[in-house]
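The primary structure of each chain is shown beneath.
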Amino acid sequence: MPSGEEILGGEVQRIGGRTAESARIVHRGPRGESIRRISVNSYKEAFTEVMKALASESGPSPDIFAHRLVQGGMEFRSNTIIRDDDFESLELVKGLAPIHNPPVVEIIEECRRAYPEIPQAVVLDTAFHSTIPSYAYTYPIPPDVADQLGIRKYGFHGISHQFVTGETAEYLHIPLEELNVVSCHLGSGGASLCAVVGGKSVDNTMGFSPLQGLVMSTRCGDLDPALILKLIAFSGGNYSQVNDLLNKKSGVLGLSGLSSDIRDVISRATKTDDERAQMTLDVYLWRVRKYLGAYLTVVGCPHAIIFTDTIGESVPYVREAVCRNLDFFGVKLDEWKNRNISHYPADISAKDSRVRIIVVKTNEELAIAKNAYERFVSQGRRLSESEKGECLDEQVDCLNS
Amino acid sequence: MSRLIVLIPEGYFIDYFVYSFTPDAEESERDSSKTGETCRVEWTGKIRFRGAGLTSEELRKLISKYSPVAITVRLLYGGEEFKKTQVYDGDVLEKLKSLAVQSPLHIPPAVRLLRTLERIVPTPEIMLFFETAFFANLPLSERTYAIGGDLPDYYGEGLGDVRRFGYHGIFHGALAGKIRRKGIEARRILSICLEPIPEVAGICDGKPVTVSSGSTPLEGLPGNTTCGEIDPGIIMLLEEKKKWGPETINEMLSRRSGLTALTGKNVTIADVVRGDREFERARDLLEYRLLLSCGAAIGVMGGFDTVAFSGRYIEVAVRLAERIVPKLAGGASEPFLPSLFFMQDSLDKLIAESYCRSRLKAELAY
């Protein structure tokens, strides 16, 4: 991509009109940041407001719309420029991520209606993980059921893991295709670890859905399947109650009873002798350490461990606790560097650490833009210049790759 | 020479084994200088049976034939109540009954068996061995699940203790004991138990710090017919798309999954490890999951010194070790060779040994 600079940016908050406050649009432009109350009841309307805000600035009009799709299922395995016959597939993947996918599809349809001449790309959180080998993505359940329902590990946070892996390759001057890392995306909401070999994802702690793996803000992460069935039976077959419990009332929130934000828990645990906060913190860190150990073993002497996203970037306490006592793997953190990061990426490993510990600021928007641009160059230009038949071949190539 | 009967209830079967042993303190001590073992049990050859649904009459015959000094009963689950081997009495029975809700498949048949045993006169001493006992004091951070803290409010007290246990504690515990008594330098053990549901435990200074199983044996590694760890979202999907209830889902995950689902054949871990081309896919998956579980244990132990194998499929352990130990050692920053330990003993023999040792200890103390 010619330049990675943000020209304009922003965010529409509280869409839907059911919250206490009205919706608003935060707009970042050359004149700084502005916040304006708006009235929108749907993602479609929110998009219209965004386009109005963009039109108010002088500058080039967009060449492409890029959308993040959290879960592409079997329909979308890699990033792609959307073609007319993809819309049917878009309908199919809506249900795969009931919270995340439907709004995206709504906006894609609105883009097509309002700006039929501008191409659109979907960039998938699952695409980076399409290289996970079958022994890691297969769940050992009857294959007829798995195939029918598309049950396999998809992995998530791929856009971020891919981005920080790329940044780390550049920072360490190691060719991406030779780089082995364990990437820790520790967000304030979701969190996952990714094992990367030769620049490619080989495993991710999230699975079929974003529920598996680490302890998250309100999600339980790993849990005994028999225990879930027991909960369902004890609730009188109330699946939605159990689903709600595991997705929204568990994790850091469920353990601490205090906050869904691990930062609040850390501050309570370190400043008071609140046992429940301490236990929550211990469980959270323990799970990260278990997966870190698992992935350090799978990758085998990686070049680096990467920490990223809100918690990974801004909470030295977590990085220190996670990397403690890992001399076996050649991991040694420099406490001073860890607590005094002035710019990103930052190397916080001790001089004699065989594995570098790198803190990278993730930038999913930029990563989405880069991915969309790449697809646009290899796929989209042909789209406008050539016959549709030729374009189909191209599509098949990229699905197979 | 005294006799001991070891009972292992497994589903609809009760396996029973008769052992003879010499709890002679002097002789055993002399013996221990050579083998590192403080007592010796001998399986009395021909009298090892496997019986389906032992009736009280059969039990009575068995006892009158061998007149054992004690009977040991293996129990799969002891919850938070039973943290060590327990001499059976009326109080214990009451406690066991209270665990029935938490382990409805295992506790009620065991209670019935014990009631039968105690009615036989004269009653030999009855000792209970719990598979979960070794794991009773797992670190809080390992045994705690990250689910809402007020579960009993929603789901009733009957849910019991929602925590992680291990389910092959007798193997792991005996193995840690043998390694210690043999004087092998091993502070951190990766203990891999090869049973129909395999289990990895990380043992630090003789105490377990992590284990692959969960609140039930279903979590963790995949087994002959069990799925192991899966995304919780999958269960919700099965309900939504298939309209299956918890019983149906449980049946699929515990009886029709694992290596059987992967190969389409009724296979065991031993078949899959031994098989070359035929079960490659299943073997790769099993080995990978073992690697992850071991790696997790290495992560929380900060390394490892020994990889130790046990369980009924021990015959394939060498082959498995050849394939996974180099990978486990490969995670280390410095090249190193972990020691390997293979424990061939069967579960019944370990229980017999453990019983004899405790008896010997009591006699020495006396």
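Check the entry above for the structure.
In this report, we go over the structure that sits alongside the text.

Basis of the calculations
Residue positions within a chain follow its written sequence, with the count starting from 1. Labels follow written order: the first chain is A, the first ligand is 1, and so on. Predicted model: local features are reported for residues with pLDDT of at least 70 only, side-chain atom pairs are reported and counted for 80 or more only, and whole-chain, interface and lining totals are derived from all residues. Each side-chain value is worked out from all heavy atoms of the structure, with water and hydrogens disregarded. Numbering goes from the N terminus for both helices and strands, where a helix is a DSSP run of H or I of at least four residues and a strand is a run of E of at least two. Relative accessible area decides the class of each residue, using a 1.4 Å probe on protein chains only: under 20% of the type maximum gives buried, over 50% gives exposed, and in between gives partly exposed. A strand pair is defined by DSSP finding two or more bridges across the two strands. Between two residues, a contact is recorded if the distance between any of their heavy atoms is within 4.5 Å. To get an axis, fit a line to the C-alpha atoms, keeping to the stretch in contact for a helix; angles then go from 0 to 180 degrees between the N-to-C directions. Orientation is classified from the angle alone, with under 35 degrees giving roughly parallel, over 145 giving roughly antiparallel, 65 to 115 giving roughly perpendicular, and any other angle giving oblique. The sense of a crossing depends on the near helix, which, turned anticlockwise from the far helix by less than a right angle, makes the crossing left-handed and, turned clockwise, makes it right-handed. Put simply, a salt bridge is a Lys or Arg side-chain nitrogen that is within 4 Å of an Asp or Glu carboxyl oxygen. Contacts described as polar in this section are N or O atom pairs within 3.5 Å, which, within protein, must combine one atom able to donate a hydrogen with one able to accept it, while residues neighboring in sequence count only if both atoms come from side chains. When residues are grouped by polarity, Ala, Val, Leu, Ile, Met, Phe, Trp, Tyr, Cys and Pro land in nonpolar, Asp, Glu, Lys and Arg in charged, and all others, Gly among them, in polar. In this text, buried Ala, Val, Leu, Ile, Met, Phe, Trp, Tyr and Cys residues form a nonpolar core when linked through side-chain atoms within 4.5 Å. Expected helix span is computed as 1.5 Å times (number of residues minus one). What we call the bend at a residue is the angle made by axes fitted to the seven residues finishing there and the seven residues starting there.

**Let's talk about the overall build of chain B**
At step 1: For chain B, the helix and strand inventory stands at 14 helices and 11 strands.
At step 2: Classification of the 366 residues of chain B by burial places 58% in the buried group.

**Points about the sheet that holds strand 12 (residues 356–359) of chain A**
Residue and element names in this part refer to chain A.
At step 1: Strand order in the open sheet formed by six strands is 9-8-7-10-12-11, with mixed pairing between adjacent strands. Edge strands, defined here as strands with exactly one partner in the open sheet, are strand 9 (200–204) and strand 11 (346–347).
At step 2: Relative to strand 12, strand 11 is paired through two bridges, and the arrangement is antiparallel. From the neighbouring strand, Ala346 faces strand 12, where its bridge partner is Val359.
At step 3: Contacting strand 7 (181–186), strand 8 (191–197), strand 9, strand 10 (304–308), strand 11 and strand 12, helix 6 (residues 158–172) crosses the sheet at an angle of about 125° to strand 10.
At step 4: This element, helix 13 (residues 316–323), spans strand 7, strand 10 and strand 12 of the sheet and lies at about 150° to strand 10.

**Things to note about the packing of helix 1 (residues 43–55) of chain A against helix 3 (residues 101–114) of chain A**
All names here are of chain A.
At step 1: Here helix 1 crosses helix 3 at 55°, and the two axes come no closer than 9 Å. In terms of axis orientation, helix 1 runs oblique to helix 3. Judged by the sense of rotation from one axis to the other, the crossing of helix 1 with helix 3 is right-handed. The segment helix 1 lies against helix 3, with Tyr43, Lys44, Phe47 and Thr48 engaging Pro103, Glu106, Ile107, Glu110 and Cys111.

**Some words on the interface of chain B and chain A**
At step 1: Each partner contributes residues to the interface: chain B has 78 residues there, and chain A has 71 residues.
At step 2: Applying the counting rule to chain B against chain A returns one salt bridge.
At step 3: Of the charged contacts, one joins B:Glu142 and A:Lys290 as a salt bridge, the two residues approaching to 3.0 Å between their closest N and O atoms.
At step 4: Counting the contacts that link chain B with chain A gives 18 residue pairs in polar contact (both at pLDDT 80 or more).
At step 5: Those elements that provide at least two residues to the side of chain B that touches chain A are helix 5 (140–143), helix 6 (151–155), strand 9 (207–211), helix 8 (232–242), helix 9 (246–255), helix 10 (258–263), helix 12 (280–301) and helix 13 (317–330) of chain B.
At step 6: By residue class, the composition of the side of chain B that touches chain A is 42 nonpolar, 23 polar and 13 charged.

**Things to note about the sheet that holds strand 7 (residues 188–193) of chain B**
Residue and element names in this part refer to chain B.
At step 1: Read from one edge to the other, the open sheet built from five strands follows the order 9-8-7-10-11, with strand pairing classed as mixed. The open sheet has two edge strands, strand 9 and strand 11 (339–342), and neither has a second partner. The average undirected angle you get between the axes of adjacent strands in this sheet is 25°.
At step 2: Bridge count between strand 7 and strand 10 (residues 306–310): five bridges; the pairing is parallel. Opposite Ile192, over in strand 10, you have Phe309 as the bridge partner.
At step 3: Contacts from helix 12 reach strand 7, strand 8 (199–204) and strand 9, with the element oriented near 155° to strand 7.

**Section: the environment of A:Ser250**
At step 1: Structurally, A:Ser250 is set in the loop between helix 8 (239–248) and helix 9 (251–256).
At step 2: Looking at A:Ser250, the relative accessible area reads 0%, which means it is buried.
At step 3: Taking the C-alpha atoms as reference, A:Ser250 lies 33 Å from A:Asp327; in sequence the two are 77 residues apart.
At step 4: Residues contacting A:Ser250, with those up to four places away along its chain left out, are A:Ser217, A:Thr218, A:Arg219, A:Cys220, A:Leu245, B:Ala146, B:Ile147 and B:Gly148.

**Here we look at the nonpolar core**
At step 1: If you look at the biggest cluster of nonpolar residues, it comprises 130 residues, and the most contacted ones within it are A:Ile151, A:Leu186, A:Leu193, A:Leu246 and B:Leu253.
At step 2: With 13 residues, helix 11 (residues 275–299) of chain A is the largest single contributor of residues to this core.
At step 3: In contact with B:Leu253, other than residues within four places in its own chain, are A:Ile141, A:Pro225, A:Leu229, B:Leu218, B:Thr225, B:Thr226, B:Cys227, B:Ile230 and B:Ile235.

**Considerations on the side chain of A:Ser201**
Residues and elements named next belong to chain A.
At step 1: Structurally, the position occupied by Ser201 is in strand 9.
At step 2: Judged by relative accessible area, which is 0%, Ser201 ranks as buried.
At step 3: For Ser201, the side chain forms a polar contact with the side chain of His129, separated by 2.8 Å.
At step 4: Leaving out residues up to four positions away in the same chain, Ser201 has contacts with Phe128, His129, Thr131, Ile132, Cys194, Ala195 and Val196.

**Focus: the pairing of strand 2 (residues 13–21) of chain B**
Residues and elements named next belong to chain B.
At step 1: Buried residues dominate strand 2, accounting for eight of its nine residues.
At step 2: Strand direction decides the pairing type here: strand 1 (residues 2–10) and strand 2, joined by nine bridges, are antiparallel. For Ser2, the partnering residue across the bridge sits in strand 2 and is Phe21.

**Quick notes on helix 13 of chain B**
At step 1: Between its terminal C-alpha atoms helix 13 of chain B stretches 19 Å, which fits the 20 Å expected from 14 residues at 1.5 Å a residue.
At step 2: Where helix 13 of chain B bends most, the angle comes to about 35°, and this point is B:Ile324, followed within four residues by the proline B:Pro326.
At step 3: If you check which residues of helix 13 of chain B are buried, you get B:Ala317, B:Leu320, B:Ala321, B:Ile324, B:Val325, B:Leu328 and B:Ala329.
At step 4: Along its buried surface, helix 13 of chain B packs onto helix 11 of chain A together with strand 7, helix 11 (269–274), helix 12, strand 10 and strand 11 of chain B.

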